[in-house]
Amino acid sequence: MNAIRPPVLTDLLQRQPPGHSLLAPFYSDPEVYRADLELIWKRQWIFAGHECEIPEPGDYFSVPVGEDSILVLRDEQGGVRALHNLCRHRGSLICDQPCGQLHKLVCPYHRWVYSLDGSLLHAPGMQEELPREDLGLISVPARAVEGLIYFCLNPAPPEFDEAALVMGSVARPQGLRQAKVAKAVDYLVGANWKLVWENNRECYHCNANHPQYTRANFDHYNADDSTPRIREQMADAVRQSEARWARAGLAASHKQTGMTTFPDAERNIWYSANRTVLADGYLSETMDGRTVAPLMGVYQSPDVGTVRMRSLPNFWNHSSCDHGVSTRLLPAGPERTAVRVSWLVHRDAEEGKDYDLTKLMPFWQLTSEQDWVICERQQRGIRSSAYRPGPYSTYKEYNVDAFVRWYLNHLRGNFA
Amino acid sequence: MNAIRPPVLTDLLQRQPPGHSLLAPFYSDPEVYRADLELIWKRQWIFAGHECEIPEPGDYFSVPVGEDSILVLRDEQGGVRALHNLCRHRGSLICDQPCGQLHKLVCPYHRWVYSLDGSLLHAPGMQEELPREDLGLISVPARAVEGLIYFCLNPAPPEFDEAALVMGSVARPQGLRQAKVAKAVDYLVGANWKLVWENNRECYHCNANHPQYTRANFDHYNADDSTPRIREQMADAVRQSEARWARAGLAASHKQTGMTTFPDAERNIWYSANRTVLADGYLSETMDGRTVAPLMGVYQSPDVGTVRMRSLPNFWNHSSCDHGVSTRLLPAGPERTAVRVSWLVHRDAEEGKDYDLTKLMPFWQLTSEQDWVICERQQRGIRSSAYRPGPYSTYKEYNVDAFVRWYLNHLRGNFA
Amino acid sequence: MNAIRPPVLTDLLQRQPPGHSLLAPFYSDPEVYRADLELIWKRQWIFAGHECEIPEPGDYFSVPVGEDSILVLRDEQGGVRALHNLCRHRGSLICDQPCGQLHKLVCPYHRWVYSLDGSLLHAPGMQEELPREDLGLISVPARAVEGLIYFCLNPAPPEFDEAALVMGSVARPQGLRQAKVAKAVDYLVGANWKLVWENNRECYHCNANHPQYTRANFDHYNADDSTPRIREQMADAVRQSEARWARAGLAASHKQTGMTTFPDAERNIWYSANRTVLADGYLSETMDGRTVAPLMGVYQSPDVGTVRMRSLPNFWNHSSCDHGVSTRLLPAGPERTAVRVSWLVHRDAEEGKDYDLTKLMPFWQLTSEQDWVICERQQRGIRSSAYRPGPYSTYKEYNVDAFVRWYLNHLRGNFA
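Thresholds, definitions, all that
Residues numbered from 1 in each chain as written. Chains lettered and ligands numbered in written order. Predicted model: local features only at pLDDT ≥ 70, side-chain atom pairs only at ≥ 80, totals over all residues. Heavy atoms only, no water. Axes fitted to C-alpha atoms, helices over the stretch in contact; angles between N-to-C directions. Helix = DSSP H or I, 4+ residues; strand = E, 2+ residues; numbered from the N terminus. Left-handed = near helix turned anticlockwise from the far one by under 90°. Contact = heavy atoms within 4.5 Å. Disulfide = S-S within 2.5 Å. Buried < 20%, exposed > 50% of the residue type's maximum accessible area, 1.4 Å probe, protein only. Salt bridge = Lys/Arg side-chain N within 4 Å of Asp/Glu carboxyl O. Least-squares fit on C-alpha atoms with pLDDT ≥ 70 in both.

Enquirer: Any chance you could explain the packing of helix α5 (residues 193–200) of chain A against helix α11 (residues 398–411) of chain A here in plain terms?
Expert: For any two helices packed against each other, the geometry is given by the interaxial angle and the distance between the axes. All names here are of chain A. Two elements in contact, α5 and α11, have axes separated by 8 Å at closest approach and are oriented at 145°. Viewed along their axes, α5 and α11 form a crossing whose handedness is right-handed. Between α5 and α11, the residues in contact are Trp-193, Lys-194, Trp-197 and Glu-198 and Val-400, Phe-403, Val-404 and Tyr-407, respectively.

Enquirer: Can you walk me through the state of the cysteines in this structure?
Expert: Joining two cysteines, a disulfide is a covalent bond between their sulfur atoms. Evaluated as defined, the whole model comprises three disulfides over all chains. Through a disulfide, B:Cys203 is tied to B:Cys206; the S-S separation comes to 2.0 Å. Handedness of the B:Cys203-B:Cys206 disulfide follows from its S-S torsion of about -100°: it is left-handed. A relative accessible area of 4% means that B:Cys203 is categorised as buried. Assessed through its relative accessible area of 3%, B:Cys206 is described here as buried. No disulfide involves A:Cys52; its nearest neighbouring cysteine sulfur is the one of A:Cys99, lying 12 Å away. Looking at A:Cys52, the relative accessible area reads 17%, which means it is buried.

Enquirer: Is there a simple way to explain the pattern of salt bridges in this structure?
Expert: It is possible for side chains bearing opposite charge to pair when their charged atoms get close. Inspection of the entire model under this criterion finds 71 salt bridges over all chains. The closest approach of N and O atoms between A:Lys42 and A:Glu38, which form a salt bridge, is 3.3 Å. Look at A:Lys42 and you get buried, because its relative accessible area is 17%. Here B:Arg143 and B:Asp161 are joined by a salt bridge, their closest N and O atoms 3.1 Å apart. Taken together, the residues B:Arg143 in strand β10 (residues 142–145) and B:Asp161 in helix α4 (residues 161–171) connect sequence positions 18 residues apart. Among the residues examined, B:Asp161 registers a relative accessible area of 47% and is labelled partly exposed.

Enquirer: How do you make sense of the relation of the copies chain A and chain C when you look at a structure like this?
Expert: Screw-axis analysis of chain A against chain C gives a translation of 0.1 Å along the axis, an RMSD of 0.0 Å, and a rotation angle of 120°. Here the copies are linked by what is in effect a three-fold axis. When C-alpha distances to the rotation axis are compared across chain A, the minimum falls at A:Pro30, with a value of 8.6 Å.

Structure, rendered in structure tokens:
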């Protein structure tokens, strides 16, 4: 592993002060970025998208991870597969569209033909002794859990079953497999991917930046500033939800003000999911708390609180009774992160009749775009030669600190 | 030479598998790009443009090779010269226009004046003891053959006479010296210059990508898929051409289906030229095979087949009875190639009367632009960390393999 | 200091020929650029702007030096301060506007609050044991002289008092403290900052490039080409000015044709200021020599010649009786310089009534923009692999040579 952790990185890992934001090169140095790709992005399970985006055999979308392009597709047997989007002949991209439908994978350069499982079917004009069986498209492990698709660029991926169990049990009632993407918006955020995660791992910034979000939620409170009144409101909401949700088999699994703790840096728990309550008057994470689309999944009533899921290094989802919002991060350079935010509704819902994008989108579109501004301003500051790591709040940034420890543990090879 | 072939490059040269596309860094690494500039572009004869572009003394055009700018001009004696476009005083560019006409070369910064042969004539305001004779513009060797201008950035260039003989004898009847550039189009292609050459060195991709080209030509056939019928068509065409062309002193020098072999990697033959037949019904490389401009050169009849010339590292030309098309490549970065495609017609032909750009250009404009799309898609694929060199077809990519061997021989110093 | 002067730079410093333009890497290499930032820009006094831009407590503007952002503001006591624009918590920029007004400095991320002197006043949600006294904004030394604001990024700055004395005595009558910025124009010039200075340190290029400038001034003449007639004109102008200016307490301090000598490379004199005469018929540096705004400062008559000030590494100013023009350079990359040109008039002057931008601006806007074209053309030439340092004119480029020696002395650590 020393080849992957060159001297500069080794030095940075030694000098990093605990409980503080990272040393500047972690957020901007091309060598650290390459290490992040090698030690995180090419080893972990990466959230790719939703099964409902590729309902039929031959449906595909492509996912850019750094300079790699991965095709995620539904094969002839109805399974989900992930293949490097790269002809084995002379390296051409095979699909240059972001998504589409095809029967075979045909390279546009010289028409080498591959099946949907990646096997080389036809290489016209090549010598007879070509080892065709060795020249299939490079496949990578793929898994789906309740409609969420993951792949891993390492042929020996980390364990996935426990993650599937934890996320699956919370996700199941939401019905993401019977959903559709009503809208997806792509952003190219001018910040290192870790700054985007740090921003996501605390609601300390919410009061100053997310007025619509704080009205709906309890996350922005914490031990230090949850008044007895607020704590009682949350406890009341949880108590009432328990009574009301019982018949639906739902239960709040996060019951305190403030954010649930995630990740677990020491045990490398990179996934989590829970259900929690919304603020009084909120049935959905929308601008006014009212529902904006038909109920999803098994829900019989809008009163189901809110589902939250997240998995490192690149996924979070908030789902209400009527819609879900998935956020996917992908590294696009030392100081650039490609983000896709997708709004999901029941697959039978019709735009204009059952839902309206102008009501569906603003809550999370605002929250997301407010955060990208924050992250880009922080990235610009961190470029300054005067930047020094600053202290995390033990009250409000415990999850940021946990994320940073999880990250450093990976770079130090502690989980290798 | 070790300074020019640093450790990374040495390692790449050792690891490169024969018969396969190049290892990824050859197509994208800045260090390899610098080696390409030093070992190829600054040592070989580079095609610059056409004599007919600078008919009168003082006419010039500039040629960007990497970060160098070379002025190609006609001097007072009517000769062709090449000079670095760089004032010896403080390094300003002298001409910042791509072409023009001037009597002296005057630096716009402080008005140092140079003659058209590069001598420093006047340096107003400088001290008397200035060694004016040492401060002329830096001249580089230049040669012209039948209207095609070449220069070499090395003061001790490779031998040119044999190239002039070979290309000259084929080019002479075409009359490029009595031509004019009807139109030139500049492209900045997002691919390494070697990918552009690899694309040019096979017609394996033609069926899938160049419908107009394959109707006019025999290149896209090869040993493995030229049916007896096709081979007989070509043989017929050659036989008939021999009978008809004899009185004009023309003869097909490439007589088989498929591409003529080029380059000769072992003997470092970097130039070639031949005349061959077009498909039945084609008098010119145009969309419908009909001529689109007056006959060029010594031709008395449109039935002259097609002239092809090419020289490494940066030139190819296809000429029909009525027009010629020159393609010039210049390196513009590890993953960028500046390409100029020029359409030439008889110098007396008048646009709108004797020819029409909408009929003259499409055949090669389409072919060129189709190829740039291919090259850029391939470059994007090769950036993937999953890219591995793939096998060349021994039937259809022998010239690609020969180009790659020619290139590697230069980088290994085998011709030094 | 060896860490700052790595091997490549050491080699360059040894190879640099005296009396010649710099070796190419000094103008383009990222490593040299980093050394310039460390050894020049982070050690010298940098001109920031004008006191009149921040008249009231809480007024601020930001200054980008490389990747650093410095806030220059007026504090509660009316003093001028400079602070790194960088929250000590997680490194966010605090102000992302180029200028404005505020009462406290509040980080937009988590609302840490700092006073105008940089002290941390409030860090809501942080642990009690936070060492608040160590977490103030990072302050850097700032000075103002007659309305010109300077800061130094080094906490131990070079001596300033002598500079203040020299520039202050010449600047005082001009009344820049009672001025306002009528207009500022920002340029991003595609040239290394040293090329911009070299251009400024000679008027050898003026005849060929600045027709409006040469009509108003005597700088473009020099020992070799000032005819007796021209020298007599200048002497006459100086004699007459002495007689006329006496009662106003003004005197020409530069009395010869050609430019005043600056800098003094051996004694590290990085500032200078003088008053000199304009050409016959010119009362102001305007297109026709006529005044274009009310008299500034203590002037009772327009006949005051012209004030010139300059300080390395980033400031020059030409001021006439009725307006002043300040030029500020900031490094923005190895081959990019951010330039702001500011036109100042008396603070009581009203646009449209007392002055008109279309008459105020052209003289220096033309001169500036003509120079940026020159600098960018030179930068492009210097990128050529054929560039070699060229000889400076001992008659006309003595100040360019002095600037280069000053620069090299700093890089060699001769003043450290």
